[in-house]
Amino acid sequence: MEKTRITIARGDGIGPEIMDAVLRILFAANARIDIDEIEVGEKIYLSGNTSGIPDSAWDIIKKNKILLKAPITTPQGGGYKSINVTIRKTLGLYANLRPVRSYHPIIPCKSPNMNLVIVRENEEDLYASIEYQQTSEMTMALKIISIPGTEKIIRFAFEYARATGRKKVTCMTKDNILKITDGLFHKIFEEIAKDYPDITSEHWIIDIGMAKLANSPEIFEVVVLPNLYGDIASDVVAEIAGSVGLAGSANIGDEYAMFEAIHGSAPKYAGLNKANPSGLLNAAIMMLVHIGQGDIAQLIENAWLKTLEDKVVTYDIARILKENGITDYKEVGTREFADAVIERLGEEPKILKPSKYPPIKIKIPEIRDVRDTKLTLRGVDVFLDERKLKPSEIGKLLEEAQTEKLKLVMISNRGQKVYPTEITETLLTDHWRCRFESDSEITHKDIRELLERIEAKGLNWIKLENLYYIGDKRAYSLGQGQ
Ligand code: NAD
């Protein structure tokens with residue numbers, strides 16, 4: 001059968017040891033792969049390349065399209081860009097998949113029936129890392145949620161549920177507060193759910209949803225989340241399963257995919273033959289499914305589960321077992337653990353349920369093109385840096401500056417309306433949002449005229465945000481108290 005050529009990166013710290021263990025298992029199981037190796041990470045960073053990835057590595061990553069990556073050490077000190085973020089963004093890996101399950105009763109777990117997959121949006125949200133310091137006192141980050149980005153991740157979650165025989169998809173947002181950004185994510189979830197009547201869909205507000213995930217993870221199957229909540233939820237559920245050494249993750253795009261363990265390079269264990277290779281092995285299992293080798297994935301997973309059942313474990317799992325009063329385990333090193341898995345290829349676990357791996361090839365349907373939506377300019381938020389004046393004094397100057405078309409509606413500080421009704425209790429900073437609205441469409445020229453008049457009053461504007469309507473609907477949030 002034809003082989004798939006993949007790229008591997010051995011990484012830093014414990015990376016080379018766990019990669020070696022995983023490759024030995026893959027080849028012993030006759031995985032139909034050939035490998036090309038690239039060097040990324042600490043050595044490349046320290047040679048002066050702040051991205052940690054040389055151009056030659058990009059060529060190979062792009063040619064092979066599939067990357068199995070061991071963890072990387074990010075050197076101390078600023079200026080080094082995260083390899084993971086760079087790879088995700090460069091290759092358009094919009095979906096981060098993290099399956100987490102319980103291995104109870106072998107590894108005791110307070111949620112013995114937990115078996116869920118976190119589907120985290122991987123490119124947008126606060127991870128766009130668009131941040132500014134705007135005044136002496138104020139910093140700001142932009143949370144970006146797009147219609148096409150959201151449609152893709154939500155369709156992916158439903159298609160993934162269908163392909164893996166899971167029956168429920170849960171979405172979590174904070175749309176009671178973030179009505180436009182999280183509100184869009186929730187709205188698109190509800191719309192797309194209608195195309196999957198065979199799958200139950202539900203939405204939770206993130207705070208109670210996250211508490212439920214921590215307390216009763218067994219009630220969830222597929223959970224789809226915007227980037228930041230997904231990042232947090234992934235770690236919460238991985239922690240419940242036992243060791244960070246167990247879970248793998250997949251970063252999937254339309255053309256490329258990257259597979260890795262969820263843990264880092266654990267430098268203090270480097271070279272000691274102690275680290276658990278299971279996280280990277282589980283990532284490799286996901287990779288095999290992705291490239292259509294579900295048969296090999298299943299063979300390896302069964303052997304790995306049987307190894308756990310036989311209580312052949314690395315130090316991290318040994319510690320958990322000991323803490324739970326279990327003593328009949330055999331603690332082994334990284335290499336010996338891989339040997340134990342290889343010895344069990346062809347065996348099946350008796351207690352732990354093996355995963356059933358259908359040959360998943362997720363193809364998401366075409367997403368809508370909404371680029372001709374008409375936005376009507378109806379106002380502007382002018383942000384000021386002003387340290388001395390009171391809200392009433394700023395309000396007076398701005399009312400003098402307002403134009404025939406653009407009238408001052410309110411001023412807010414840290415999102416709280418402080419003018420026209422003056423609020424004395426709230427902490428006031430040097431960063432003021434001054435909202436001007438019109439009852440009909442305006443142009444950029446109207447905004448320029450307003451800005452000139454504001455400047456003439458000696459006020460320092462530092463940022464603008466245009467205010468649009470879509471049809472008769474406001475496309476911006478109201479100020480707290482407006
Ligand atoms: P870490 O995950 O590397 O290690 C934290 C602790 O978890 C370790 O001390 C160890 O006790 C345990 N641990 C982790 N992996 C294990 C394994 N396979 N087997 C057994 N025990 C294991 O986190 P850290 O110490 O915060 O980060 C170390 C370095 O890794 C940093 O440079 C960080 O930037 C990097 N990092 C890389 C990635 C990645 O490449 N995807 C992810 C996270 C952190």
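Going by the structure above, here's the rest.
So, a few notes on the structure that sits alongside this text.

1. Some points on the nonpolar core
By size, the foremost hydrophobic cluster in this structure holds 84 residues, and its most contacted members are L26, L68, V224 and F259. Take this core: its biggest share by element is 9 residues, from helix 9 (residues 278–290). When residues of this core are assigned to domains, at least three fall in each of domain 1 (1–90 + 256–356) and domain 2 (110–241). In this structure, L26 is in contact with A31, I33, L68, A284, M287, L288 and I300, ignoring residues within four places of it in sequence. Among the nonpolar cores identified, the runner-up in size contains 21 residues, and L408, I411, W432 and L451 belong to it.

2. Considerations on the sheet that holds strand 16 (residues 407–413)
The 6 strands are arranged 17-16-18-15-19-20 in an open sheet whose pairing can be described as antiparallel. Two strands in the sheet have a free side with no partner beyond their single neighbour: strand 17 (416–419) and strand 20 (473–474). Judged from the 9 bridges that link them, strand 15 (residues 375–385) and strand 19 (residues 461–470) form a sheet pairing that is antiparallel. Its bridge partner lying in strand 19, V382 is registered against L464. Packing against the sheet, helix 14 (residues 444–456) makes contact with strand 15, strand 18 (431–437) and strand 19, and its axis sits at approximately 20° to strand 15.

3. A word on the site of the ligand
Near the ligand there are 20 residues, and of these I72, G264, A266, N276 and Y315 occur at the shortest range. The separation between an oxygen atom of the ligand and a polar main-chain atom of I72 is 3.0 Å. When the free accessible area of the ligand is taken as 810 Å², the share hidden by the protein chains comes to 68%. Among the residues forming the shell around the ligand, the class breakdown is 9 nonpolar, 7 polar and 4 charged.

4. A closer look at the pairing of strand 12 (residues 257–261)
Across the 5 residues of strand 12, 5 count as buried, placing the element largely inside the fold. Side chains A257, F259 and A261 project from strand 12 onto one buried face, and the interleaved M258 and E260 project onto a second face that is buried too. Relative to strand 12, strand 3 (residues 66–69) is paired through 4 bridges, and the arrangement is parallel. Along strand 12, the bridge assignment pairs L67 with M258. Direction of pairing for strand 11 (residues 248–252) relative to strand 12: antiparallel, over a ladder of 5 bridges. Bridge pairing in strand 12 places G248 opposite A261. What sits between the antiparallel neighbours strand 11 and strand 12 is a turn of 4 residues.

5. So, the environment of V313
Looking at the secondary structure, you find V313 in strand 13 (residues 312–313). Exposure remark for V313: the relative accessible area of 2% places this residue in the buried category. Separated by 97 residues in sequence, V313 and S216 place their C-alpha atoms 27 Å apart. Among residues more than four places away in sequence, those in contact with V313 are L308, A318, L321, Y329, K330, E331, V332 and F337.

6. Let's talk about the sheet that holds strand 9 (residues 200–205)
Pairing in this open sheet of 10 strands is mixed, and the strands run 2-1-3-12-11-4-5-10-8-9 from one edge to the other. Each edge of the sheet is formed by a strand with only one pairing partner; in this case those strands are strand 2 (33–38) and strand 9. Each adjacent strand pair in this sheet contributes to an overall mean axis angle of 25°, direction not counted. In terms of strand pairing, strand 4 (residues 95–101) meets strand 11 through 3 bridges, oriented antiparallel. From the neighbouring strand, A95 faces strand 11, where its bridge partner is I252. Packed on one face of the sheet, helix 8 (residues 227–241) meets strand 4, strand 5 (115–121), strand 8 (168–173) and strand 10 (222–225) and runs near 155° to strand 5.

Each value, and the rule that gives it
Residues numbered from 1 in each chain as written. Predicted model: local features only at pLDDT ≥ 70, side-chain atom pairs only at ≥ 80, totals over all residues. Heavy atoms only, no water. Core = buried A, V, L, I, M, F, W, Y, C linked by side-chain atoms within 4.5 Å. Buried < 20%, exposed > 50% of the residue type's maximum accessible area, 1.4 Å probe, protein only. Helix = DSSP H or I, 4+ residues; strand = E, 2+ residues; numbered from the N terminus. Domains from an automatic or database assignment. Contact = heavy atoms within 4.5 Å. Pairing = 2+ DSSP bridges. Axes fitted to C-alpha atoms, helices over the stretch in contact; angles between N-to-C directions. Near = heavy atom within 4 Å. Polar contact = N/O pair within 3.5 Å; in protein donor to acceptor, adjacent residues only side chain to side chain. Areas by Shrake-Rupley, 256 points an atom, 1.4 Å probe, with all protein chains shown as cover. Nonpolar A, V, L, I, M, F, W, Y, C, P; charged D, E, K, R; others polar.

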